[in-house]
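Residues per chain, in single letters:
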Amino acid sequence: MIRPTHQFRAIFNGTTIPVLEQVVNFNEARQALLAGNIANFDTPLYQARDMDVGHFKHKLALAIERRHRPPGPFGPDWPLKHGSASAVGDDWPVDNVILYHDLNNVGMEFQVTEMAKNNMEFNTAVSIMRHQMLLLQTAISERV
């Protein structure tokens, strides 16, 4: 007999919530990094840092693709639980901006633009997650 906790876990993992959780965690970590760049806008020798958005999205797409395959020995949600789409990745110095006379490379316009894009992605993920939770709540309340 399947225990109820396994049934609920299967229902939960059948939604996009685990994937959205990874997106939200990544956006949260990146927002803090971008805010640090802005806070050090006038710090001499400060080098702006960022996270590899393209690499994260590629790893996330691979994890989603694996979830749609038939369950293997590790289960369909294995890639998300074991780091193949880790939300917190390495940050690296930004090298595609202007270097100023004090050797600081923080471009305010670039940082603010990246923060706005990151914030929109975060808000979208949270909105979809909220909708998924409401669907789960509706499904559970109909069962009772």
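Residues numbered from 1 in each chain as written. Predicted model: local features only at pLDDT ≥ 70, side-chain atom pairs only at ≥ 80, totals over all residues. Heavy atoms only, no water.

A.B. asks: Teacher, can you tell me more about the overall build of the protein here?
C.D. replies: The helix and strand inventory of the protein stands at five helices and two strands. Put simply, the protein runs from its N terminus to its C terminus through helices and strands in the order α-α-β-α-α-β-α. Expressed as a percentage of its 144 residues, the buried residues of the protein come to 29%. The contacts in the protein between residues at least 6 apart in sequence include a share of 77% that link residues at least 24 apart. Element-wise, carbon and sulfur atoms account for 63% of the exposed surface of the protein, whose accessible area totals about 9400 Å². (Helix = DSSP H or I, 4+ residues; strand = E, 2+ residues; numbered from the N terminus. Buried < 20%, exposed > 50% of the residue type's maximum accessible area, 1.4 Å probe, protein only. Contact = heavy atoms within 4.5 Å. Areas by Shrake-Rupley, 256 points an atom, 1.4 Å probe, with all protein chains shown as cover.)

A.B. asks: Honestly, the packing of aromatic side chains in this entry has me stumped. Any pointers?
C.D. replies: Describing an aromatic ring pair means giving the distance of the ring centres and the angle of the ring planes. One pass over the full model with this rule turns up one aromatic pair. Arranged with centres 4.1 Å apart and planes meeting at 5°, the rings of phenylalanine 26 and phenylalanine 56 form a pair that is stacked. One end of the pair, phenylalanine 26, is in helix α2 (residues 17-39); the other, phenylalanine 56, is in helix α3 (residues 53-67), and 30 residues separate them in sequence. Each member of the pair, phenylalanine 26 as well as phenylalanine 56, carries the same accessibility label: buried. (Phe/Tyr/Trp six-rings, centres within 6.5 Å; stacked < 30°, edge-to-face > 60°.)

A.B. asks: Just checking my understanding: could you explain unusual backbone geometry for this structure?
C.D. replies: Among all residues except glycine, the phi angle is most often negative; among peptide bonds, the trans geometry is most common. Of note in this structure, leucine 45 is not a glycine but carries a positive phi near 70°. Within the fold, leucine 45 resides in the loop between α2 and β1 (49-51). You can call leucine 45 exposed: its relative accessible area is 57%.

A.B. asks: Explanation requested: the nonpolar core in the structure shown.
C.D. replies: Burial of nonpolar side chains together is a common tendency in soluble globular proteins. Of all hydrophobic cores here, the largest spans 13 residues; its most connected members are Val23, Phe56, Leu60, Ala125 and Met129. Elements with a minimum of two residues in this core: α2, α3 and α5 (108-143). It is α2 that provides the largest number of residues to this core, a total of seven residues. With near-sequence residues (within four places) excluded, methionine 129 lies in contact with Ile17, Leu20, Glu21 and Val24. (Core = buried A, V, L, I, M, F, W, Y, C linked by side-chain atoms within 4.5 Å.)

A.B. asks: Looking at this structure, how should I read the confidence of the model for the protein?
C.D. replies: Interpretation of this model should avoid reading the predicted coordinates in detail wherever pLDDT is low. Residues of the protein with pLDDT of at least 70 account for 69%, and the chain-wide mean is 78. Helix α4 (residues 78-81) is the least confidently modelled element of the protein, averaging 45 in pLDDT, while α2 averages 93, the highest of any element. Taken together, the stretch residues 76-87 has pLDDT below 50 and engages in 33 contacts with residues farther than four places along the chain or on a different chain. (pLDDT = per-residue confidence, 0-100.)

A.B. asks: Teacher, can you tell me more about the environment of proline 18 here?
C.D. replies: With respect to the helices, strands and loops of the structure, proline 18 is situated in helix α2. Along the sequence, proline 18 and isoleucine 64 sit 46 residues apart, while their C-alpha atoms lie 9.9 Å from each other.

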